[in-house]
Each structure stands twice: as C-alpha cells, then as structure tokens.
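Coordinate inspection notes
Here is what each chain is made of, one letter per residue.
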Amino acid sequence: MSTGAVPDAASGQIELAIGGMTCASCAARVEKRLNKIEGVTATVNYATEKARVQVPEGVTADELIASVEKAGYTAEVPPPPEPAGGGGQSAESGEPDDGLGPLRQRLVTSVVLAVPVIAMAMVPALQFEYWQWLSLTLAAPVVTYAGWPFHKAAWTNLRHGAATMDTLVSVGTLAAFGWSLWALFLGTAGEPGVKHGFDFSMTRSDGSMNIYLEAASGVIAFILAGRYFEARSKRRAGAALKALLELGAKEVSVVRNGREERVPVDLLAVDDVFVVRPGEKIATDGVVEEGSSAVDASLLTGESVPVEVGPGDTVVGATVNAGGRLLVRATRVGADTQLAQMARLVEDAQTGKAQVQRLADRISGVFVPIVIALAVATLGFWIGAGAGLAAAFTAAVAVLIIACPCALGLATPTALMVGTGRGAQLGILIKGPEVLESTRAIDTVVLDKTGTVTTGRMALVDVVTAEGVDADEALRLAGALENASEHPIAQAVARGAAERVGPLAEVEDFANVEGLGVQGMVDGHGVLVGRPRLLAEWSQHLPAELERAMADAQALGRTAVAVGWDGAARAVVTVADQVKPTSAEAIARLRELGLRPVLLTGDNEAVARTVADAVGIEEVVAEVLPQDKVETVKRLQGEGRTVAMVGDGVNDAAALAQADLGLAMGTGTDVAIEASDLTLVRGDLRAAADAIRLSRRTLRTIKGNLFWAFAYNVAALPLAACGLLNPMIAGAAMAFSSVFVVSNSLRLKGFKSLAADAAPAVGSGPAPARAEKAAAR
C-alpha cells in the first residue's frame, strides 16, 4: 500500500478508506480529528466508509492516516477501481463474504445459544435442578465470542475518551454476566433447585440469588441482528461504480496492418481504429471514420430517439450501434472516457452526501455517559449509606441492566425489516434506515422523462394519409417494409402495424439507404419509407397536407417518416415515446404528499413540454447532459429545497446519488438501481408515491419505538438507582419494552398501496431479472 500518495493536483483532494467505524458517531469523530489539521477540510461518509479530504499544499496522505489512527481507526488510500473486465470475476467470487461472514457467524451463534437461555429464565417450568449452570454454559460464548466486537469497540472508545452505544452494550452485558458469575459461584444462585421466580414487589435485596444471563445474551443477539442488516446494506455502497464500469465493452476488434484483431478493451490506445458491427457496444469515445448508422445512446444520454452518425461524427463508449457497420478512431480511452467521467460523478455525489446519523446514536452521545455515571453514583451512595456492598452493587447493576438498550437495539431493525418486507411485497425496495430519514423533509421531486414518466420505448402514434388513401393500407405496406430493418424507429412502425392490421407481408429487394430510409417491394408495390428527401429523389414530393403533418409532429417532438408507393407520397407515419397511462395519476399523488414535481430530460424542449402538459407538471428542465442533471439537482438544493430524484438510466445515476433521496425504476439499469436509495420494481410511477408514504410511516414507527424505549429507561432508572427495582421487574420491563417495539413495528404489515393494480410481490409482472436480484439483496 502506498500511503505517501500526493493530493490530486487539480482538486487538492485525497480520498481515504476508513476502517473500524461502528456507528455514525465514529464517522463524526474521524471527521473532527481530520479537520483539526491546519488547512484541512474533511467529509467522512459512514455509509461508504470513505473520507474525502481537501488538503493544502504540503499535507500528505501519511499525515492524514496517522491522524485517523490516533483516533483509534484505520485508514488507507484505496486502489483505483479496476476497468471493465479487469477482474470483476474475482471480486464477485471473493467479496460477498468479506466482513459479513464473521458477523453472520456471531449472529447465528448468539441466536442459537441465547434462545434457550431466555426461555429457561422466563419459563419456570423449564428450570430443572441445575438449569442455571446450563444457562451459564450457553451464555458464556454469547457474551465473549459473539459480543467481542462490542467489547473491542468499547475499549477503543475508552482509550480515546469517548462513549457510544457499543460502550453501553459492553458495560451492561459484562456487568450482568459478571454479577451472574458472582451469584452462581459466591452467592446462592448456583445451589440445586434454585428457581428464577417472578417477584413484582419493590424491595431492596442483596441479589445473591439473582442471575441476569438472559439479559446479557439476549441483548447481544438483538444488537447483532441490527448490525448485520446494517452491514449487509452498507456492502452495496460501492456497487453503483462497479455496475457503471461493467457497462463498457469487454473486447474490441482493432484494425492493425489491414487486419482485424480481437483484443481486450484495456489494450485500446488513442488513434486506434476499431470496428463496431450492428448490435455491438462502441468500445470507447471516438470519431466515425467510415460508415453510417443509428446509435442508441439512451443508456447514457436519455434520448429516446437513436442518433444518426456518419463520417466525422463523434460517438461515445458504451452506446450501442443499432444499424450499419462503423469504423471508429479512438479519441479517449480509459479514465478519460465519458463513461469513466460519469463513474466519477456518481462517486463524488455519494461521498459528498450529507451524513445521516441514527437517532439512537445521536442520543447515545449524552445518554451513555449519564447512565454510566448514574451507576457509579448509585454504587457509591449505597456503600456510603451503609446498605452493604452486595446491595449497593445490585442497585448499580440494576441501573446498567435497565438502561441496557434491548428495545433500542430492536427499534430500528424490526421496523426496518417489517417496512422493507412490506415494501418488497408492493415492489418497493428500501436500502436502509438512513433512507427513511431523507423522506421526511422532501419537498421537491425531480422526474426523469424517458422510462420514468414515459415508457422509454418508441411506439406508433398516428398515421396521416393523402386524400383518398386508406390509412390501414399505408400502415400495412410501411410496416412490412420497416419490419426488415433493425432501426428502432422502423421496429416501432412494424410493431404498430402488426398490432393494427395483423401479420405483415414479405418484402422483396429490400435496401437500406443509409441516413435516409428503406426501400423494397411489398405485394408488387415499390415502397419507400424514410425522410422526405428519400421520396424526393424518386420524384415523390409530399403534398401540402402531409408536409403539415410532418411539421406538426416535429413541433410536438415526435418522429415522423414519409411513406410512398407506386410513384407518389401517400402517408406520414408518426412514432413517439409515449406517456405511461398511470403517470398523470402518480404526479397528482406526489402533489398530495406536498411535493413539487420537476421534469428533467435530455430530450428537446418541445418533447419535454408536451409530456409535462400531459401529466400536469409546470416546471421543466430540458436538453440536459448527465453532468447538467447533477448540476440541476445541486441548484435546487442550493435554493433550499430538499430534493428527491426519480430515474431509470445510467445518465440518471449521478443525479440519483446527489439527490437527498434517489428513487430508481426497477425496469431501468443496474447502475441507476445501485446509485439510488429506493428501487421501484414496477415501471409504474405511482409506486414512487407509495415508496415515500411507506418510508415516512416506517420512520414514524422507528421514532415511536425509540421514544417508548427511552421513556421506559427514563422512568425505570430512578427506581433502579433507589434500589427499589427488583431485578425480575427489570427483566419483565425489558421484555415488555421489546415486545411493544416488535408489535408496533408489525403494524407496518397493514400498509396499503394506493395503486389499485399494485404488484403482489417482487418479481411478478414485467420486472426484469435485475430488479429481482436487487430484491434478493
């Protein structure tokens, strides 16, 4: 590892991968430590476990790493991401268990061993003659092995004068376990036949026959469950970049010494000439040297209509050649390509995202030290009052036990699990608790047009014919001819014709006139379909009514092609990306939630305005590049708005990451899904309103859980400190608070979707395999 990296000369920035953080307060501590270095401005993102550090001249990565290590954490300069095809397989095979494996092992161990311990403690019928010694045997591995991460983090925090929820979990469980050992070996709790009965009287006792093994093991099991689900969510933080880099071509046919040679795309150099056949991805950014075709750039630009290119035109890597054969000269390769720049945009937006601290962690900064201080004060008071060491220690342990965050540990994960489970049934995938906090303040929703508000697929819209010409006949001939073409517009005409007039006829003498259209023989008719210029070359000029139809279609941002046969121009066929039937209703529902919709698209103003009018959106931002989409989101945030972004394409990924809340349509790309906070498995925009409603309700449930968990602690702590809280009442109160939290969370199962045709479950309906894959995560 090269730790002596110098800052980026252009930006003065160093990026560090931070290790050892267990909660959001850890990220705050690392950030505070880095910002103490003169001239340094640092942002630490707990979700991505990265620090983005703005440094002055002369400050090296070694100094930053040393500062982080003094705070008790690890840091390193991360290696650059591997290019597409460069080792993704090993990453795939090696990464999934890294970090999660040991945590999963500890969780399984704690659950398997803690359940019988809790059952024996709470059900007197299970307490056979030496049951307490079996409890000790089962609880010991839970407290030591499974609870080791908490004890280690507590020790690290203690050495640096800090306290977190880890501190409280560690101190509480060790105190409970330690007292249980004392009671078993030195007290009377280890005698044969001793029962763990329930006494609800508030009297002081010396606690010599009480053991708290169920509290020690149960708390660790509950908290580990929450940590595991949190860690599993965090494992996906870098997946957006990986998915983005995987979009590029893996191999390319390079022309060298007059011969085609198939090589990995990594070996492509500037000024190399490479071949792109129909249906292939363009390997890198370049300029067309020979050939003409239609290039589908919707993946990167959001444009629903393929772009016609010819010699001298620029093309972008990862776009798809939808037409003829191209020879392209590479102008940018590797990290300089537009795809790589978009990957950097996503990374910047993710790293710069505002930190969201868990509610329990925010409170724990004050709560934990107070509880520990109260336990020490209780011990000292009762010793000074002459109550005896055993009674004093019993009261002090009761303080720690009653404050031990059993319900706190359940508050977030149970609500999150029930809420996300219900969401998955409705086709809504929520990535983590920090997402829920983002939904409460959202006041603006930015909607990508193509694939989000519209279908993202060209479809037949209209057929206008010259006087005396049958529209079905025009569509039959045009559809048959276009069916022989691979062009996306041609395929839209062919599909529309097949749906309207039935099976299409065979074509003879088909020819593709590059850049203009197609021609051929259909049922004995010589048919032309394409630009008016193609028909004009055959002296088939458009009459006035067809010229008006062409102009009207173009004014609405639609694509129109002229159709002629038997020596005359006879029809104009119009195709367009159509608005989804449910989009207008979805916009109305978003408004009911207090959200202001904004339409954002790479398409032209006319197309955008037509779509906006159809669904009821006033604010439109059109003709934007992926970089401009990010800037638009930033501008809205700069105006004081809290922004949600809904999109489905690669071109939306950076904006989804930059937004306060990112919602990806599951019918879109993996990159958009990974960069987002919420994934809508269905292509129905109404699910966006359901997602925000469900997220807000889940957040309210978490807040309610946390309130009652703390309320129980606040009410019970004074009783424990006074020595009036019987340990069994403490155990019963803890159990009740946990049951209450779980029951409150289970109410989320009754959440109803407002969409009448809501999908019954993830994976049903037209959702693609990648959405099911996202659900499995």
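Residues numbered from 1 in each chain as written. Predicted model: local features only at pLDDT ≥ 70, side-chain atom pairs only at ≥ 80, totals over all residues. Heavy atoms only, no water.

Let's shift gears to the overall build of the protein. For the protein, the helix and strand inventory stands at 28 helices and 26 strands. At a minimum sequence separation of 6, the contacts of the protein that also span at least 24 residues come to 70%. When the accessible surface of the protein is totalled, it reaches about 32100 Å², and 57% of it is carbon and sulfur. (Helix = DSSP H or I, 4+ residues; strand = E, 2+ residues; numbered from the N terminus. Contact = heavy atoms within 4.5 Å. Areas by Shrake-Rupley, 256 points an atom, 1.4 Å probe, with all protein chains shown as cover.)

For the coordinates displayed, the defined rule picks out 4 aromatic pairs. Judged by centre distance (5.1 Å) and plane angle (80°), the ring pair of Phe381 and Trp382 falls under edge-to-face. A cation over a ring is seen here: Arg106 above Tyr145, with NZ or CZ 4.7 Å from the ring centre. (Phe/Tyr/Trp six-rings, centres within 6.5 Å; stacked < 30°, edge-to-face > 60°. Lys NZ or Arg CZ within 6 Å of the ring centre and 35° of its normal.)

Within the open sheet, the 6 strands sit side by side as β16-β21-β20-β19-β18-β17. Their pairing is antiparallel. Unpaired on one side and paired on the other, β16 (454-465) and β17 (507-513) mark the two borders of the sheet. Each adjacent strand pair in this sheet contributes to an overall mean axis angle of 20°, direction not counted. Direction of pairing for β17 relative to strand β18 (residues 517-522): antiparallel, over a ladder of 5 bridges. Each residue of the ladder has a partner; that of Ala511, found in β18, is Gln519. Sheet strands in contact with helix α20 (residues 544-555) are β16, β20 (559-565) and β21 (568-579), and its direction is about 15° off that of β21. (Pairing = 2+ DSSP bridges. Axes fitted to C-alpha atoms, helices over the stretch in contact; angles between N-to-C directions.)

Running from N to C, helix α5 (residues 131-146) and helix α6 (residues 148-159) point in directions that differ by 45°, and their axes come no closer than 5 Å. As the angle between them shows, α5 and α6 are arranged oblique. Facing Val143, Thr144, Tyr145 and Ala146 of α5, the residues of α6 in contact are Trp148, Pro149 and His151. Residue composition of the contact of α5 with α6, grouped by class: 5 nonpolar, 2 polar and no charged. (Parallel < 35°, antiparallel > 145°, perpendicular 65-115°, else oblique. Nonpolar A, V, L, I, M, F, W, Y, C, P; charged D, E, K, R; others polar.)

Strand order in the open sheet formed by 6 strands is β6-β5-β7-β13-β8-β11, with antiparallel pairing between adjacent strands. Two strands lie at the open edges of the sheet, namely β6 (259-264) and β11 (314-315), each paired on one side alone. Here strand β5 (residues 251-256) runs beside strand β7 (residues 273-276); their pairing, made up of 3 bridges, is antiparallel. From the neighbouring strand, Val255 faces β7, where its bridge partner is Val273.

Moving on to the UniProt feature "transmembrane region" (unreviewed entry) in the protein. Mapped onto this numbering, the UniProt entry annotates "transmembrane region" (unreviewed entry) at residues 107-124, 130-148, 168-189, 209-229, 363-383, 389-412 and 702-721. The span residues 107-124 shows a helical share of 89% and a strand share of 0%, and its end C-alpha atoms are spaced 27 Å apart. For residues 168-189, the helix share is 82%, the strand share is 0%, and the end-to-end C-alpha distance is 26 Å. (UniProt positions renumbered as here; feature names shortened; annotations may be inferred.)

Take helix α26 (residues 686-721) next. Under the 1.5 Å per step criterion, the end-to-end length of α26 is 53 Å for 36 residues, consistent within 8% with the ideal 52 Å. Immediately downstream of α26, the backbone of Gly723 shows phi near 75°, a positive value. (Expected span 1.5 Å × (residues − 1).)

What follows concerns the side chain of Ser485. If you trace the backbone, Ser485 turns up in the loop between α17 (471-482) and α18 (488-501). You can call Ser485 buried: its relative accessible area is 10%. Filtering out sequence-adjacent residues up to four positions away, Ser485 remains in contact with Ala490, Gln491, Phe510 and Val518. (Buried < 20%, exposed > 50% of the residue type's maximum accessible area, 1.4 Å probe, protein only.)

Here we take up a nonpolar patch on the surface. A grouping of Phe128, Tyr130 and Leu134 is seen on the molecular surface, where their side chains present a nonpolar patch of about 290 Å² in accessible area. Tracing the backbone shows Phe128 in the loop between α4 (100-122) and α5. The partly exposed category is assigned to Phe128, whose relative accessible area is 43%. (Patch = residues over 30% accessible without salt bridge, like charges linked within 9 Å, V, L, I, M, F, W, Y side chains within 5 Å. Salt bridge = Lys/Arg side-chain N within 4 Å of Asp/Glu carboxyl O.)

The subject of this paragraph is the pattern of salt bridges. Inspection of the entire model under this criterion finds 24 salt bridges. Arg52 is the partner of Glu15 in a salt bridge, and the nearest nitrogen-oxygen pair spans 2.9 Å. Of this pair, Glu15 sits in strand β1 (residues 13-19) while Arg52 is found in strand β3 (residues 50-54), placing the two residues 37 residues apart along the sequence. For the pair Glu15 and Arg52, one class covers both residues: buried. Each of Arg596, Glu619, Arg635, Glu639 and Arg641 takes part in one network of salt bridges that share partners.

All right, on to the nonpolar core then. Across soluble globular proteins, you tend to see nonpolar side chains buried next to one another. Formed by 44 residues in total, the largest nonpolar core has its most connected members in Leu447, Leu599 and Leu663. Top contributing element to this core by residue count: α26, with 9 residues. Residues within four places of Leu447 in sequence aside, it is in contact with Val453, Ile587, Leu590, Pro597, Val598, Leu599, Leu600, Ile617, Val646 and Leu685. Formed by 39 residues, the second largest nonpolar core is a distinct cluster that contains Val493, Leu546, Ala549 and Trp565. (Core = buried A, V, L, I, M, F, W, Y, C linked by side-chain atoms within 4.5 Å.)

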